[in-house]
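Here's the letter readout for the chains.
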Amino acid sequence: MKRIVFIIFTLTLSIAQANQADRDRRILLKPSDSVTPTTRDLNSYPDIYLSKDSIIADRNLDTGVIDDPFHTLNDKGMVSFSYQFSYDYEDFTKISSFEASYKHKFEESYTEMWYGLQLKRTTAKYDAVAEERVSASGNTNSVATEIREENLQSLTSIGLGLGHRFKTLSLAFDSSRIFETLMVYGNYVFHVDSTDSEKYTGFGYNADYSLLYRSSKSMTYGMKLSYNWAMVERERVDDEKLPDRTLVFGWTALGFELGYYF
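A short tour of the structure in this document, coming up. (Residues numbered from 1 in each chain as written. Predicted model: local features only at pLDDT ≥ 70, side-chain atom pairs only at ≥ 80, totals over all residues. Heavy atoms only, no water.)

### Concerning the packing of aromatic side chains
For any two aromatic rings, the description comes down to two numbers: the centre-to-centre distance and the angle of the planes.
No. 1: A full pass over the atoms with the stated rule returns 13 aromatic pairs.
No. 2: Here the aromatic residues Tyr83, Phe85, Phe92, Phe98 and Phe256 are joined through ring pairs into a cluster of three or more.
No. 3: In this arrangement the basic side chain of Arg214 is found over the ring face of Tyr261, its NZ or CZ atom lying 4.0 Å from the centre. (Phe/Tyr/Trp six-rings, centres within 6.5 Å; stacked < 30°, edge-to-face > 60°. Lys NZ or Arg CZ within 6 Å of the ring centre and 35° of its normal.)

### A few points about a nonpolar patch on the surface
No. 1: On the surface, a nonpolar cluster with roughly 510 Å² of combined accessible area is contributed by Val184, Tyr205, Tyr227, Trp229, Met231 and Val248.
No. 2: When residues in the nonpolar patch are grouped by element, the largest group, three residues, is from strand E9 (residues 219-233).
No. 3: Here Val248 lies in strand E10 (residues 246-261).
No. 4: Look at Val248 and you get partly exposed, because its relative accessible area is 37%. (Patch = residues over 30% accessible without salt bridge, like charges linked within 9 Å, V, L, I, M, F, W, Y side chains within 5 Å. Areas by Shrake-Rupley, 256 points an atom, 1.4 Å probe, with all protein chains shown as cover. Salt bridge = Lys/Arg side-chain N within 4 Å of Asp/Glu carboxyl O. Helix = DSSP H or I, 4+ residues; strand = E, 2+ residues; numbered from the N terminus. Buried < 20%, exposed > 50% of the residue type's maximum accessible area, 1.4 Å probe, protein only.)

### Comments concerning the side chain of His104
No. 1: The topology assignment puts His104 in strand E4 (residues 95-105).
No. 2: Within the structure, His104 has its side chain in polar contact with the backbone oxygen of Lys76 (distance 3.3 Å).
No. 3: Separated by 2.9 Å, the side chains of His104 and Tyr102 make a polar contact.
No. 4: In this structure, His104 is in contact with Lys76, Gly77, Trp114 and Tyr115, ignoring residues within four places of it in sequence. (Polar contact = N/O pair within 3.5 Å; in protein donor to acceptor, adjacent residues only side chain to side chain. Contact = heavy atoms within 4.5 Å.)

### Re the sheet that holds strand E7 (residues 178-193)
No. 1: Pairing within the closed barrel is antiparallel, and its eight strands lie in the order E3-E4-E5-E6-E7-E8-E9-E10. Strand-to-strand twist across the sheet, computed as the mean angle between neighbouring axes with direction ignored, equals 25°.
No. 2: With 14 bridges joining them, strand E8 (residues 199-214) and E9 adopt antiparallel strand pairing. Pairing of Tyr209 across the sheet is with Leu225, part of E9. (Pairing = 2+ DSSP bridges. Axes fitted to C-alpha atoms, helices over the stretch in contact; angles between N-to-C directions.)

### Points about the environment of Ser216
No. 1: Along the chain, the position of Ser216 falls in the loop between E8 and E9.
No. 2: Along the primary structure Ser216 and Phe70 are separated by 146 residues, whereas in three dimensions their C-alpha atoms are 9.6 Å apart.
No. 3: Within polar-contact distance, the side chain of Ser216 engages the backbone nitrogen of Met219 at 3.1 Å.

### With respect to the environment of Tyr227
No. 1: Mapped onto the fold, Tyr227 is located in strand E9.
No. 2: Given the relative accessible area of 34%, Tyr227 is considered partly exposed.
No. 3: When the C-alpha atoms of Tyr227 and Tyr205 are compared, they prove to be 8.4 Å apart, with 22 residues separating the residues in sequence.

Honestly, that's just the spatial picture; any functional story needs more than this.
Here it is as structure tokens:
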């Protein structure tokens, strides 16, 4: 019996020594390479970014203990709603916009880059978003010769955009719950002119800056500043030139934003 145990022990030791020798041989013949992290690795390595991240945590009113702390860099998506109006204190209502948007952070990235979709509906007085102009071709029947003044204009924009979330002002306000967002959308625009009831389509963009307060793990609210531009045209009649059937809009608006993170 002792001989069998000795044989088993000897075989086990021999196998272990052979395995160790094989590992040593591979280390000598093929040393471990020094791995240089790629940009993708750095952008997706959590410990680099989470150490400086804002942590949202609510205190339990019954126990006084902080419940379920959450790193905001782990946000994946956001749905938000916004109402925007004219910054002219004499007539806030000459521009009125309602906006719904969906934003999603680029996967495996802690660099706070986001992409989004938006739907915006704007109603405004013509002289608040454009200037009266004269037809370049002298055509008295062109859209450029129509006098619109305060006639209402309605624009519906569907857009795709890119943006960045950051926290510059959080230091000034000494609050880790304050965030800023810059988003730029390219839009396809539908327009109806109440002056001639004509339908127009075209392209445009809007650039938005939001200053938001994160009230909880999911909810955020704050202010928005939005610059909008669009050029739309209607179908050609006879030999009309493009400037004679084109409208150009540009305006800046202030607003409120309410968002939900998930």
